[in-house]
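Letter by letter, the chains look like this.
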Amino acid sequence: MYDQIVMAAYTFARGPMLWAAALILCVGVIYRIRELYLLTVRKEKRSLPATVSATTPTLTPEERTLDRLARIQQSAFAVHPVMFFVSILFHACLFAAPLLALGHSLEIYRAWGITPPSLPEPLIDILTTIVLVCGLFFLIRRLVLPRVQAISGMADYVLLACVMTPFLTGFCAYHQWFDYTTVITLHLLAGNVLLITLPFTKIGHMVFFFFVRLCISSEFGPARGSRDWKA
Amino acid sequence: MISDTSPTEQLNITAMRETLQQHKKRMSLNLKACAGCSLCAESCFLFELNDHDPRYMPSYKVLNSLGTLYRKRGRVTREQLRDMANLVWRNCVLCGRCYCPFGIDIPAMIALTRQILREQNITGVYPHSLGEPEEEETN
C-alpha cells in the first residue's frame, strides 16, 4: 500500500505537477517583471543650469583611488565579509547544482532527446554540500543574531526549508540514504513546490534583485539605470 | 514624543485603507522582496549610535510599521499607530541613507507610514533636535 502511494506521488510529481510547476514559474516570473515594469517609468533627462557642470568633477588619480577605497569600505563586502562570501557562494551553487546536475540532464535527454551541459556527479555533490552548509549558516544566523531574529517570522523559516529540502533530498538520493524511491519522490515534490513558490514569495527577490539593480536608477546601484519609480 | 491631537477619536480606517490601496502594488512588492537579511542595519547611523539596537534597523522600522498596516489591512488600534509613530519619527530621521542590497526603497515606505499617521492626526517629533527624550519629558 505504502509503495503504491509513493509510486503514485512519484508519477504525479514527475509528470503533471512538474509541468504545472514549470508553467506557474514562467507565468509568475513574467507577471513579476511586468508588474515591476509598470511600476516604473523611463527616467526623465534633467537639464542643469548652465552654471552647474553636468559632468562628474574630474578627479586626480589619488582622489580616484581614495574614492574607490571609500566605496569598498562602505560596501557589504567590507561591513559583512563573511555574509558577503557565504551569500555569493550559496547563490552560485544554488543555481549551478540543479542546472548542471547529471541526473537532471539525463531526465531532459530521456524526455526530449537533447543533452544540456552537465558537471561530474562528485562535483555536483560538492556544490550541493556547499548549499546545505550555507543554508545551515543562514538558519543559525537567523536563530542566533538578535538583529535577524527581530525581523524573522515563521514564513522565513518555512521558505528556508522550501529552498533547502530539494537539496537535502537530492543529496540523500545521490548517496542512496534511506529508501531511494521515497527520497527521490520527496526530492521531486520539494523541487516542484520551490518552483511554484518562487515568484510569489520572498524568494522572488531573484527577479526583483536584477530588475532593481540594473534598471532603476539608484545611488547605490552598479548601473546608472534608465528607469525610475513612478511618483 | 508623540503628538496625538485627538487621542479619543476613532480611527479613520477608510482613509487609511484608501492610502494603502493607492500605493499597494509598489509597497507590497517592496515588503515581499525583503529577504530579512539585516544588511541594511549598518547603513542607519541611528542603529550605529544606539548600540546596534535592532529597533533602529531600517527593515525593522518598515516591517513593524507599514508591514503591519498592510498585513492587518488597516485594522489596527490607535495605540499601535502611536508605537509606529515612535518607529518612524523617533527612530528615523528620514535622511535617506539606508541601503538595501535588493534596492528596496526604504525611505519611501517610511514616508508613506508618516503620511498615513498624519492622516490619523498622529505625528512625532525628532528627539535629536530637541535633546534627549528623558530631558524633554521632565521639562
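Computed from a prediction, not measured in an experiment: that's the story for all the values here.

How each quantity is defined
Residues numbered from 1 in each chain as written. Chains lettered and ligands numbered in written order. Predicted model: local features only at pLDDT ≥ 70, side-chain atom pairs only at ≥ 80, totals over all residues. Heavy atoms only, no water. Helix = DSSP H or I, 4+ residues; strand = E, 2+ residues; numbered from the N terminus. Buried < 20%, exposed > 50% of the residue type's maximum accessible area, 1.4 Å probe, protein only. Contact = heavy atoms within 4.5 Å. Areas by Shrake-Rupley, 256 points an atom, 1.4 Å probe, with all protein chains shown as cover. Lys, Arg positive; Asp, Glu negative; His and termini not counted. Salt bridge = Lys/Arg side-chain N within 4 Å of Asp/Glu carboxyl O. Polar contact = N/O pair within 3.5 Å; in protein donor to acceptor, adjacent residues only side chain to side chain. Buried area = accessible area lost by both parts, 1.4 Å probe. Axes fitted to C-alpha atoms, helices over the stretch in contact; angles between N-to-C directions. Parallel < 35°, antiparallel > 145°, perpendicular 65-115°, else oblique. Left-handed = near helix turned anticlockwise from the far one by under 90°. Nonpolar A, V, L, I, M, F, W, Y, C, P; charged D, E, K, R; others polar. Domains from an automatic or database assignment.

A few words now on the overall build of chain B. Helices and strands together make up the secondary structure of chain B, namely 8 helices and 2 strands. When the helices and strands of chain B are read in sequence order from the N terminus, they spell out β-α-α-α-α-α-α-α-β-α. Buried positions account for 51% of the 139 residues belonging to chain B. Restricting the contact set of chain B to residue pairs at least 6 apart, pairs at least 24 apart contribute 76%. Element-wise, carbon and sulfur atoms account for 48% of the exposed surface of chain B, whose accessible area totals about 6700 Å².

A separate point is the side chain of Arg141 of chain A. Secondary-structure assignment places Arg141 of chain A in helix 7 (residues 121–144). Buried within the structure, Arg141 of chain A lacks any salt-bridge partner; Glu42 of chain B is the closest side chain of opposite charge, at an N-O distance of 7.5 Å. At a separation of 2.9 Å, a polar atom in the side chain of Arg141 of chain A contacts the main-chain carbonyl oxygen of Cys37 of chain B. Setting aside chain neighbours within four positions, we find Arg141 of chain A in contact with Met83 and Val148 of chain A together with Cys37, Ser38 and Leu39 of chain B.

Moving on to the interface of chain A and chain B. On the chain B side, the residues contacting the 27 residues of chain A number 29 residues. Regarding the contact of chain A and chain B, the summed buried area is about 2500 Å², with carbon and sulfur atoms giving 62% of it. Here chain A and chain B share 1 salt bridge between them. We note a salt bridge from Arg147 of chain A to Glu42 of chain B, for which the minimum N-O separation is 2.9 Å. Run the count over chain A and chain B and you get 7 residue pairs in polar contact (both at pLDDT 80 or more).

Residue and element names in this part refer to chain A. In the contact formed by helix 7 and helix 9 (residues 154–174), the axes pass within 10 Å of each other and the chain directions differ by 150°. Between helix 7 and helix 9, the angle is such that the two are roughly antiparallel. Where helix 7 crosses over helix 9, the two elements pack in a sense that is left-handed. Judged by residue contacts, Glu121, Pro122, Asp125, Thr128, Thr129, Val131, Leu132, Gly135, Phe138, Leu139, Arg142 and Leu143 of helix 7 engage Asp156, Tyr157, Leu160, Met164, Phe167, Leu168, Phe171 and Tyr174 from helix 9. Residues belonging to the contact of helix 7 with helix 9 are distributed by class as follows: 13 nonpolar, 3 polar and 4 charged.

Residue and element names in this part refer to chain A. According to the stated counting rule, one finds 9 salt bridges over all chains in the structure shown. Notably, a salt bridge pairs Arg14 with Glu107, separated by 2.6 Å at the nearest N-O pair. Here Arg14, found in helix 1 (residues 2–14), pairs with Glu107, found in helix 6 (residues 102–112); they are 93 residues apart in sequence, far enough to count as distant. A relative accessible area of 30% means that Glu107 is categorised as partly exposed. A salt bridge links Glu35 to Arg32; the nearest nitrogen and oxygen atoms lie 2.4 Å apart. Taken together, the residues span about one helical turn, with Glu35 and Arg32 both in helix 2 (residues 16–38) at a distance of 3 residues. The two residues Glu35 and Arg32 agree in class, both being buried.

With that settled, the discussion passes to the domain arrangement of chain A. All names here are of chain A. Domain parsing of chain A yields domain 1 (1–40 + 178–231) and domain 2 (74–152). Its C-alpha centre places domain 1 at a distance of 15 Å from the equivalent point of domain 2. At the interface, 5 residues of domain 1 touch 5 residues of domain 2. Interface of domain 1 and domain 2: buried area, both sides summed, is about 320 Å²; carbon and sulfur atoms make up 44% of it. Considering only the surface of domain 1 that becomes buried against domain 2, Arg14, Trp19 and Met206 emerge as the three largest contributors, covering 68% of it. Applying the counting criterion to the domain 1 and domain 2 interface returns 1 salt bridge. Joining domain 1 to domain 2, the criterion identifies 1 residue pair in polar contact (both at pLDDT 80 or more). In the side of domain 1 that touches domain 2, the residues fall into 2 nonpolar, 2 polar and 1 charged.

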